[in-house]
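Examining the three-dimensional arrangement
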Amino acid sequence: MSSAPIRLGLLGFGEAAARLAKDFSQAGFTDIVAYSRSGAKAQPGDPLHQRAEAAGVKLVKTVGTLAKKSDLILALTPGKSALPALKKIRKYLRPDHLYVDASSNSAHNMEKAAEIVGSAAKFVDSSIMGPVDILGLKVPFVASGPHAAEFRDRMTPHGMVITVVGNNPGDASAMKLIRSVLMKGLAMLLLETMEAAQRRNILDAVIEDSSATFNDIPFQKIIKRYVGGTAVHCERRIHEMKECLELLHDMKSTDRATKSTIAMLREMVKMGMPQKFTSEPDSIHPVIDALIAARDGTKPA
Ligand SMILES: NC(=O)c1ccc[n+]([C@@H]2O[C@H](COP(=O)([O-])OP(=O)(O)OC[C@H]3O[C@@H](n4cnc5c(N)ncnc54)[C@H](OP(=O)(O)O)[C@@H]3O)[C@@H](O)[C@H]2O)c1
């Protein structure tokens, strides 16, 4: 691995790139270059030039120049622009380039991006897991693919926070989306719960009670208890959840999350989970393996 100073190229120069560039400059990076279509056309006096100057960045007019003047290219375009931008720069890439695509994207598009890059450069799929304008260089990145460790090893000494999450391009982007399944799903479940509570005029009591249930339990324990416990008790929980549904209907309260819960519990019963798990397992892995095997019609790993 080279110990020479890293020449950084930013493909896209919007909110994320400008803030990261400012922090990179403060961390001692010089010669940072950036390309965006509007930046390439910006006339003297254009606010983009002031933005670039404030961030210690030189705007370049072509992707060819960007590639020539950088060793690590950090692509920070909107998700839909990631592949078009990559196709444009592809022919200028060198095998020693690290090409890190940190756009918010589907796993499928990042697999495609890795294919497009091929052996022309070292491709890394990456996702930004927080707000760049607030956290700057301290914003957590996840990265995947065969060159993700090189990205981490070269950039963490300069203040970036990078976790390698998988061996394949697409894993990092999938991780961000899978996290949204939890976070956004949890938000909806909270909304459904709190609406029902408010309709009974017990909202504050429910907030207090549910907080007391979850406060002080490490989330890893919550995952283990809730996943394992559901495998064991799915059958009897259907009955309880039907009563919940009845209550929601009586109050004309939202019921979508509860209906999904009942549907998933029924599915788990059909999969034979209570027979497979008579007591809570030590880890959630066998439950998840059994669930996937039943859904896919294969044998658990
Ligand atoms: N900002 C954050 O806090 C944050 C957090 C997590 C993830 N992200 C992700 O990071 C990426 C960048 O975010 P952002 O907030 O910086 O977006 P942004 O402010 O909209 O900036 C996007 C930049 O990409 C450029 N661009 C668009 N198409 C291009 C192309 N084909 N070739 C070259 N440059 C192109 C745009 O300029 P032109 O249109 O002039 O080319 C612009 O400079 C997004 O995928 C976003 O989801 C951002």
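These numbers come from a predicted model, not from an experiment. (Residues numbered from 1 in each chain as written. Predicted model: local features only at pLDDT ≥ 70, side-chain atom pairs only at ≥ 80, totals over all residues.)

With that settled, the discussion passes to unusual backbone geometry. Positioned with a positive phi, Asn201 is a non-glycine residue whose angle comes to about 60°. Among the structural elements, Asn201 can be located in the loop between α9 (171-199) and α10 (203-214). Located in the positive-phi region is Lys252, a residue other than glycine, with phi close to 55°. For Lys252, the position within the fold is in the loop between α11 (219-250) and α12 (256-270). Residue Lys252 is classed as exposed on the basis of its 8 C-beta neighbours within 10 Å. (Helix = DSSP H or I, 4+ residues; strand = E, 2+ residues; numbered from the N terminus. Buried ≥ 20, exposed ≤ 12 C-beta atoms within 10 Å, placed from the backbone.)

This paragraph deals with the site of the ligand. Taken together, 25 residues lie near the ligand, and Gly12, Gly14, Ser38, Ser81 and Ser104 sit nearest. Among the secondary structure elements, those contributing two or more residues to the shell around the ligand are α1 (15-26), α2 (37-41), α5 (82-89) and α7 (132-135). If one sorts the elements of the shell around the ligand by residue count, α1 sits on top with 3 residues. Among the residues forming the shell around the ligand, the class breakdown is 13 nonpolar, 9 polar and 3 charged. (Near = placed C-beta within 6 Å. Nonpolar A, V, L, I, M, F, W, Y, C, P; charged D, E, K, R; others polar.)

With that settled, the discussion passes to the pairing of strand β5 (residues 98-101). The alternating pattern of β5 places Leu98 and Val100 on one face and Tyr99 and Asp101 on the opposite face, and all of these are buried. Regarding topology, α5 serves as the crossover connection from strand β4 (residues 72-75) to the parallel β5, and that connection is right-handed. Pairing between β5 and strand β6 (residues 122-128): 4 bridges, direction parallel. Bridging from a neighbouring strand, Asp101 pairs with Asp125 of β6. Where the polypeptide runs from β5 across helix α6 (residues 107-117) and back to β6, its parallel neighbour, the crossover connection is right-handed. (Right-handed = clockwise from strand over helix to strand, strands pointing away. Pairing = 2+ DSSP bridges.)

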